[in-house]
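Architecture at a glance
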Amino acid sequence: MIRSDPRIQERNSTVLYNPVWHKGVIGIVASRLLEYFYKPTVILTRSNGLATGSARSVNGFDLYQAIESCSDLLINFGGHKYAAGLTMKVKDVPQFTERFDEIVSENITPEQLIPVVEIDTELQLKEINEGFFETLKKFKPFGPENLSLI
């Protein structure tokens, strides 16, 4: 859908709706599209006659505030700065898409649309060995802000 529509590609956000997508995977899809295109992303499907979905944000951009700015179009929403869920009437999806992108465009900086890879330290190739791998496995489960200790 994104690659076939230049209008979607030009936006500072991604909002996609498809009534046949399974509700159980839209959060995962939102996360994957965020990783690939690195724009605030909302993925919507139809459930119980309404458009319902999941949203994800880029580092430093307050997604919740952007969604809240569209609250008059929403039946329900909740979340935080980087992830949210929302529900609206299907007929309001096009208007939400336009307004959400306007709000994102007015409030996001060009730097926030560039993915950042934070590097804590550099390793020499000779340091990556069986002992290193065993130590690394002790950090499972992997993920942001994991507080596991060795």
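To continue, consider the pairing of strand S1 (residues 14–17). As judged from the 4 bridges shared by S1 and strand S2 (residues 41–47), these two strands associate in the parallel manner. Opposite Tyr17, over in S2, you have Leu44 as the bridge partner. After leaving S1, the chain enters helix H2 (residues 26–37) and then returns to the sheet as S2, a path that is right-handed.

This brings us to the sheet that holds strand S5 (residues 83–89). Whether parallel or antiparallel, the strands of a sheet pair through hydrogen bonds between backbone atoms. With respect to topology, 5 strands assemble into an open sheet ordered S1-S2-S3-S5-S4, the strand pairing being mixed. Unpaired on one side and paired on the other, S1 and strand S4 (74–79) mark the two borders of the sheet. Pairwise comparison of adjacent strand axes, ignoring direction, gives a mean angle of 15 degrees for this sheet. Sheet strands touched by H2: S1, S2 and strand S3 (50–56). Its angle to S3, the strand with the most contacts, is close to 45 degrees.

Our next topic: the nonpolar core. Soluble globular proteins tend to pack their nonpolar side chains together in the buried interior. Core analysis: the largest hydrophobic core is formed by 24 residues, its most contacted members being Val42, Ile67, Leu86, Met88, Phe96 and Phe100. Only S2, S3, helix H3 (63–68), S5 and helix H4 (93–107) provide two or more residues apiece to this core. Here the element with the most residues in this core is H4; it accounts for 5 residues. Once residues within four sequence positions are removed from consideration, Ile67 is found in contact with Ala55, Leu74, Phe77, Ala84, Leu86 and Phe100. Among the nonpolar cores identified, the runner-up in size contains 7 residues, and Ile2, Leu16, Leu33 and Ile43 belong to it.

With that settled, the discussion passes to the pairing of S3. Buried residues dominate S3, accounting for 6 of its 7 residues. Alignment of S2 against S3, held across 7 bridges, turns out to be antiparallel. Within the sheet, the bridge partner assigned to Val42 lies in S3 and is Ala55. Where S2 folds back onto S3 in an antiparallel hairpin, the turn is made up of 2 residues, including Asn48, whose phi is positive at roughly 55 degrees. Here S3 pairs with S5 via 7 bridges, running antiparallel. Pairing of Ala55 across the sheet is with Ala84, part of S5.

Another point: unusual backbone geometry. One non-glycine residue with positive phi stands out, namely Tyr38, at about 50 degrees. By secondary structure assignment, the location of Tyr38 is in the loop between H2 and S2. Located in the positive-phi region is Asn48, a residue other than glycine, with phi close to 55 degrees. Assessed through its relative accessible area of 77%, Asn48 is described here as exposed.

This next bit is on the packing of aromatic side chains. Applying the stated rule across the entire model yields 3 aromatic pairs. A ring pair is formed by Tyr64 and Phe77, whose centres lie 5.5 Å apart and whose planes are at 45 degrees; its orientation type is tilted. Placement of Tyr64 in helix H3 and of Phe77 in strand S4 is noted, with a sequence separation of 13 residues between them. On the basis of relative accessibility, which here comes to 26%, the residue Tyr64 falls in the partly exposed class. Judged by centre distance (5.4 Å) and plane angle (20 degrees), the rings of Phe96 and Phe100 are stacked.

How each quantity is defined
- Residues numbered from 1 in each chain as written.
- Predicted model: local features only at pLDDT ≥ 70, side-chain atom pairs only at ≥ 80, totals over all residues.
- Heavy atoms only, no water.
- Pairing = 2+ DSSP bridges.
- Helix = DSSP H or I, 4+ residues; strand = E, 2+ residues; numbered from the N terminus.
- Right-handed = clockwise from strand over helix to strand, strands pointing away.
- Axes fitted to C-alpha atoms, helices over the stretch in contact; angles between N-to-C directions.
- Contact = heavy atoms within 4.5 Å.
- Core = buried A, V, L, I, M, F, W, Y, C linked by side-chain atoms within 4.5 Å.
- Buried < 20%, exposed > 50% of the residue type's maximum accessible area, 1.4 Å probe, protein only.
- Phe/Tyr/Trp six-rings, centres within 6.5 Å; stacked < 30°, edge-to-face > 60°.

Bear in mind that shape data such as this cannot, by itself, settle questions of function.
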